[in-house]
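Report on the structure
Listed below are the residues making up each chain.
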Amino acid sequence: MIHFDEMACLLYLDGQLEDLRARELLSHTRECGACRELLRSLEHESKFLAGALTEEDELVPARLLGSQARSAPSWVWSLAFAAFAAGAYWVWNDGIGPWLDQLNNAGFGGTNLMSMMLFSGAFWEGWGDLVDILQIAALLGVVILALGLVRRRLRRPAAVALVLPALLVAMALPQPAGAADVRRGRAVLVPSGETIHNDLIATGPSVRIDGTVEGDLIVFTRELTVTGHVTGDVIAFAGQALIDGAVDGNARVFSQHATLQGSIGKNVTAFASSITVTPGGNVGGGMIALAGEADLEGKIHRDLMGMIGRSDLDGFIGGQVWIRGGNLDVASTAEIDGPATFMGRQQPSVAAGAKLASPMRTEITQEVGRSRRSAARQVIHAIIGYGAALLAGILLLTVFPGFFRTTLREAGAIGMPLGVGALAFISGIFVFVLGILLLFIGVTAGLAGALLYAPILYLAQIFVGTWLGNKILGVTSTQTGAAIGRMALGLLILHVARLIPVLGGLTWLVVLLWGTGAVLMGFYRMSRLESAPLPA
Amino acid sequence: MSPAEQAGVREQIARAQSGDAEAWGELYRLHAPAIFRFCRRAMPTREDAEDATMDIFIKVRQKLSQYDPGRPFSAWLYTVAANHCWDLLRRRKVRQDLETGEVENMPLAHPDPGQLEQLIEKHTSQEVRRALDHLPTRSRMALVLRYYAEMSYDEIADTLGVRRTFVGVVLLRARHQLRDILGGHGAANAAAGGAA
């Protein structure tokens, strides 16, 4: 007798056997006890399997049913908050603090810097009061956001992250009072003899001020020439900027080439490819310069602080000098009345006739000039950095496992998070928070914004590192122990790679963009997770 | 489900499709436990199952307008869930090719029905679920689709991306592997199968 095999029996039970064959099997089992028994056992097994699989053996997590499962042990939150506070303190202490100190050294610290950064009176005369309110509001906002994140465990964080800066900027943007005079055209000209008793906003390919502006001058142009008199500040976004007249206030110049050959009553802030202060140029206050080249032949009555590729110092500096850059030439005609510091790749050249209040303090930052001690310090720093990142990662994995897994999954897409990270870096948060807040609201608010961005940048390495660890060891499980092991391996590789000159920097740039994108997408996904399934 | 209940569910779905958040919430509360349990059977860890459940409902809400009311809602839901879980598992690349090869060459043995009965009697449902964790991904998924979601062979074939005629082989192979594990011969098989 030919028996039916197990496959045929299974297909019969599942209704998958052709009719003719099914009839044959049925007829066969009437006569064959073995096949009948097999059929019965298989049927029994199917029922047993279905019963075992559908049995309600575990409770559905409260996270899926509602919002009851949001509490976590208080010590975890305390630890998380402490870690965040420690991180913020570290960023302030090692990153922002020294920078502010340098600004203070250069005479631009504290309230001076604040006043420099603000467009006082540009649009509205009530700026002074508003600034204080905005700064307090911004700081309060950051504190509330931090508390909210901790308390509500990242519920809709993306929405909060978007709303808060938007709110701040909305608050920051003053109502453009009708006080400002706006001029547009191919060639905007304020001729000699004309006086504008107001602030002036001028846009066009060419702007020329030969007359008088009794207020601030704000310009967006390819070519700016000021030969007249501005009683307030000059804020210029220009391809070429020439200030040959008199500015009683500050000059803020964002330009390809900036030339100052007139007089600036207060301070100069210049971001330019090249800056020239001609022998006739006179700056009543100090100068901050970020530039490729600077020829400083005129007079700067207070401090000079700059990050400048190549500096030629021929004129007078009334205060301190702090320059970081490629090289510095101090001509015999130069005079520096305060202490001078130069940090660069090579020794500065100081001509014999130059008058310096004290010998120039020099720090050579070239790689080859590093001592063995600094190399050891670098390694120790890398080890501490690795340990801190790993701890932060473990904390994140423990406290926010859902967010961690979601973000890690987003990191796996590679292209998308890289794109998002680059976008965020170039046009998003960085410009938004650092640029707008710093300029419009004030330094404190800008720094507070930066503190929001800093943790995201810091977390970037954790997700890229874990992704890397997963790639090497394979994703076989998402259990905590395995995830930590993979994170440790990935972070180790990243931190070792960081020590490689040039390549390490490039690697970390990619890591930061990639990880930042993943974190932002993770926030977005989490907000969708929180909002989508449950009723509004 | 009575005709009145079915009509109620249909109305609820229609309201959810038109953007009624409350109706959607009801649908979610009604089906989330079953989908979570489905994911719990299909995915390797509880955390994976939780994440998958959330993701599935996001997808379902986005695709709700595509739902055909002529088809049972839970069946459609399981199809979305199955596709999502299988997609996640496949992305983890758990030795898929090796498994397929093994299944293609599977010998069709005629088991002893007595031993089969004994095996069923000796083991609890919990042991079966635990054994499921040691099955290769495709086998595990096939069993879950068939015996939890009660999917047809066509639906299983669509989800797993195999020929319809191959589904029976996959299922039978999965049962063999499960028997081996329950019978104590599963350690080696589980290791070779690359348990997910």
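Look up a bit, the structure's there.
Summarised in this report is the structure supplied together with it. (Residues numbered from 1 in each chain as written. Chains lettered and ligands numbered in written order. Predicted model: local features only at pLDDT ≥ 70, side-chain atom pairs only at ≥ 80, totals over all residues.)

Section: the overall build of chain A
To be explicit about the condition: Labels follow the DSSP assignment, with helices taken as runs of H or I lasting at least four residues and strands as runs of E lasting at least two, numbered in each case from the N terminus. Counting other C-beta atoms within 10 Å of a residue's own tells you its class, since 20 or more makes it buried, 12 or fewer makes it exposed, and anything in between is partly exposed; those C-beta atoms are placed from the backbone. Contact between two residues is assigned when their C-beta atoms, built from the backbone, lie within 7 Å.
On a plain count of helices and strands, chain A comes out with 15 helices and 23 strands. Per-residue burial for chain A yields a buried fraction of 37% across its 536 residues. Put simply, 37% of the contacts in chain A that link residues at least 6 apart link residues at least 24 apart.

Digging into the pairing of strand β18 (residues 321-330) of chain A
Residues and elements named next belong to chain A. Heads up, the rule is: Pairing between strands is defined by DSSP: at least two bridges between the two strands are required.
Across 9 bridges, strand β16 (residues 304-313) lies against β18 in parallel orientation. Considered in β18, the bridge of Leu-304 is made with Val-321. In the sheet, β18 pairs with strand β20 (residues 340-344) via 5 bridges, with the strands oriented parallel. The partner of Val-321 across the bridge, within β20, is Ala-340. With 2 bridges joining them, β18 and strand β21 (residues 349-350) adopt parallel strand pairing. Note on β21: the bridge partner recorded for Val-330 is Val-350.

Some points on the interface of chain A and chain B
Threshold: When residue character is reported, Ala, Val, Leu, Ile, Met, Phe, Trp, Tyr, Cys and Pro are called nonpolar, Asp, Glu, Lys and Arg charged, and the others, Gly included, polar.
Taken together, the contacts link 45 residues of chain A with 44 residues of chain B. Contributions of two or more residues to the side of chain A that touches chain B are made by α1 (6-13), α3 (33-54), α4 (62-65), α10 (401-411) and α15 (503-531) of chain A. Examining the composition of the side of chain A that touches chain B, we find that 13 residues originate from one element, α3 of chain A, more than from any other. The class makeup of the residues in the side of chain A that touches chain B is 21 nonpolar, 12 polar and 12 charged.

Some words on the packing of helix α8 (residues 137-147) of chain B against helix α9 (residues 153-160) of chain B
All names here are of chain B. Test applied: What counts as an axis is a line fitted to C-alpha atoms, over the stretch in contact for a helix, and the angles between N-to-C directions run from 0 to 180 degrees. Crossings are sorted by hand: turned counterclockwise from the far helix by less than a right angle, the near helix makes the crossing left-handed, and turned clockwise it makes it right-handed.
At a minimum axis distance of 10 Å, the contact between α8 and α9 shows a crossing angle of 145 degrees. α9 is crossed by α8, and the crossing has right-handed handedness. Contacts from Arg-138, Met-141, Ala-142, Leu-145 and Arg-146 of α8 reach α9 at Ile-156, Thr-159 and Leu-160. Of the residues assigned to the contact of α8 with α9, the class counts are 5 nonpolar, 1 polar and 2 charged.

Looking at the nonpolar core
Residue and element names in this part refer to chain B. Inclusion rule: To define a nonpolar core, we join buried Ala, Val, Leu, Ile, Met, Phe, Trp, Tyr and Cys residues through C-beta atoms within 7 Å and take the resulting set.
Of all hydrophobic cores here, the largest spans 62 residues; its most connected members are Phe-38, Cys-39, Ala-81, Ala-142 and Val-144. Broken down by element, the residue count for this core peaks at 9 residues, all from helix α2 (residues 21-42). If we skip the residues at most four places from it in the chain, Phe-38 touches Tyr-78, Ala-81, Val-144, Tyr-148 and Ala-149.

Here's the deal with the sheet that holds strand β5 (residues 212-213) of chain A
Residue and element names in this part refer to chain A. Strands sit in the order β3-β5-β7-β9-β11-β13-β15-β17-β19-β22 across an open sheet of 10 strands; the sheet is parallel. The open sheet terminates on both sides in strands that have one partner only, identified here as β3 (195-196) and β22 (355-356). With 2 bridges joining them, strand β17 (residues 316-317) and strand β19 (residues 335-336) adopt parallel strand pairing. Looking across to β19, one finds that Ile-317 is bridged to Ile-336.

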